[in-house]
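Given next are the chains, with one letter for each unit.
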Amino acid sequence: IISLEHMGLADLENKRPMRSDSIFRLASATKIITSVAALILYEEGKLGLRDPVSDYLPEFQNLLVYGSSNNPDPAKRNLTIRDLLRHTSGYSYGFKDPQQRSYREAGILRPAPDFDWSHDLTLDQWVGRLAKVPLAEEPGTKFSYGFSSDILGAIIESVSGRPLDHFMEERIFTPLGMKSTGFVVSSDQLFRLTSIYEIRNRKVTALDRADISPLRTRPQAFSGGGGGIISETTDSSPVLPICFDFYKCY
C-alpha cells in the first residue's frame, strides 16, 4: 500500500469519524468471492463448470421458462454451474413481471429492510422455492443480474458440507489474513462498522445504522452468495487480484 487516507464520517447521527480500518458492506461484490469459492471446489475436482445444477440440487430438474406469451414452457437445456458463474441462469432479480410476481408468490423476495441479506428460511428451503419459479430466459442465452450467486452458494454448501460463511472463512479469508472479513460484525468491533445512507425526499436517510444493523448477529440462514460480506479496505486488497483473474480467465 503506497497511500491510505480516510476522511468524513462513518456515522452521521453520532458524528463518528471514518477510520482507516472502518468496516464496509461489500454488497454484490460478495458475488465475486462466491465465484472464487466455487472455483476452489472446481480446482479440487469436486464440481465441473459444465455440470448441471440439478446434479447438486435436484430441485432444479425439469425447469420451466417464460415464453413470449408469459406461459411457461420446458427449458431446452440444463442449467449449469457455468451459467451461474456467468449470470446467464435466467434467474434475474425479477424487476418486471411475470417473474417478479412469481417471486412474490413463492416468498423469494425477502421482506427484510435494505442491506439485510438474512431471511427466515434455510438456504435449502429458499432455493427449493426459487427452483419452482420459471426462468426469465433460456439458460445460457442472456446475461441476467440476479440470484445466480445465491444458487451457487447453496451448491458450495452441498459439495463442501459446510455453511457458506464457514467455508469462505476457512478457505479464503483465514489463509489470506483477512481478519475483518465475514458476514457478521462482533459486538466489540461495531465501532468500526459504517452506516449507510441514501437521499430520500431530498433528505439524507439511513438505510442501515451501524448500532442496530442486522450484521450484529448471525441469522439462521443467509440468502446465499449474492450479498452480505463485510470487510475493511486493507482486508479486501489480497482477494482483488484473484477476482480480477477470475473475470479475465473465465
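Note that the structure is predicted; figures quoted are calculated from it, not measured.

Concerning the overall build of the protein chain
Counting its regular elements, the protein chain contains eight helices and 10 strands. Evaluated residue by residue, the protein chain yields a buried proportion of 48% over its 250 residues. Across the protein chain, contacts joining residues at least 24 apart in sequence account for 74% of those joining residues at least 6 apart. Approximately 13000 Å² of the protein chain is accessible, and the part contributed by carbon and sulfur atoms is 51%.

A word on the environment of Ser89
Within the secondary structure, Ser89 is located in the loop between α2 (81–86) and α3 (99–106). On the accessibility criterion, Ser89 (0% relative accessible area) is buried. The sequence separation of Ser89 and Lys142 amounts to 53 residues, and the corresponding C-alpha distance is 8.0 Å. Residues in contact with Ser89, not counting those within four places in the same chain, are Leu79, Asp83, Leu84, Leu135, Glu137, Pro139 and Ser148.

Observations concerning the confidence of the model for the protein chain
Counting all residues, the mean pLDDT for the protein chain is 87, and 88% of those residues have values of 70 or more. Looking across the protein chain, the model is least confident in helix α8 (residues 240–249), with a mean pLDDT of 43, and most confident in α2, with 98. Overall, residues 241–250 carries pLDDT values under 50, and its contacts beyond four positions in sequence, including any with other chains, amount to 11 contacts.

Quick notes on the pairing of strand β8 (residues 203–208)
Here five bridges tie strand β7 (residues 196–200) to β8, and the two strands are oriented antiparallel to one another. Counted as the bridge partner of Arg200 is Lys203 from β8. Here β7 folds back onto β8 in antiparallel fashion, the turn holding two residues, of which Asn201 has a positive phi close to 55 degrees.

Observations regarding the packing of aromatic side chains
Applying the stated criterion across every chain, the model contains five aromatic pairs. Relative to Phe147, the ring of Tyr93 lies with its centre 5.0 Å away and its plane at 90 degrees, an arrangement referred to as edge-to-face. Of this pair, Tyr93 sits in the loop between α2 and α3 while Phe147 sits in the loop between α4 (123–131) and α5 (148–160), and the two are 54 residues apart along the sequence. Judged by centre distance (5.3 Å) and plane angle (80 degrees), the ring pair of Tyr103 and Phe147 falls under edge-to-face. Highlighted residues: Tyr103 in helix α3 and Phe147 in the loop between α4 and α5, separated in sequence by 44 residues. A network of ring pairs unites the aromatic residues Tyr93, Tyr103, Trp126, Tyr145 and Phe147 as a single cluster.

Parameters at a glance
- Residues numbered from 1 in each chain as written.
- Predicted model: local features only at pLDDT ≥ 70, side-chain atom pairs only at ≥ 80, totals over all residues.
- Heavy atoms only, no water.
- Helix = DSSP H or I, 4+ residues; strand = E, 2+ residues; numbered from the N terminus.
- Buried < 20%, exposed > 50% of the residue type's maximum accessible area, 1.4 Å probe, protein only.
- Contact = heavy atoms within 4.5 Å.
- Areas by Shrake-Rupley, 256 points an atom, 1.4 Å probe, with all protein chains shown as cover.
- pLDDT = per-residue confidence, 0-100.
- Pairing = 2+ DSSP bridges.
- Phe/Tyr/Trp six-rings, centres within 6.5 Å; stacked < 30°, edge-to-face > 60°.

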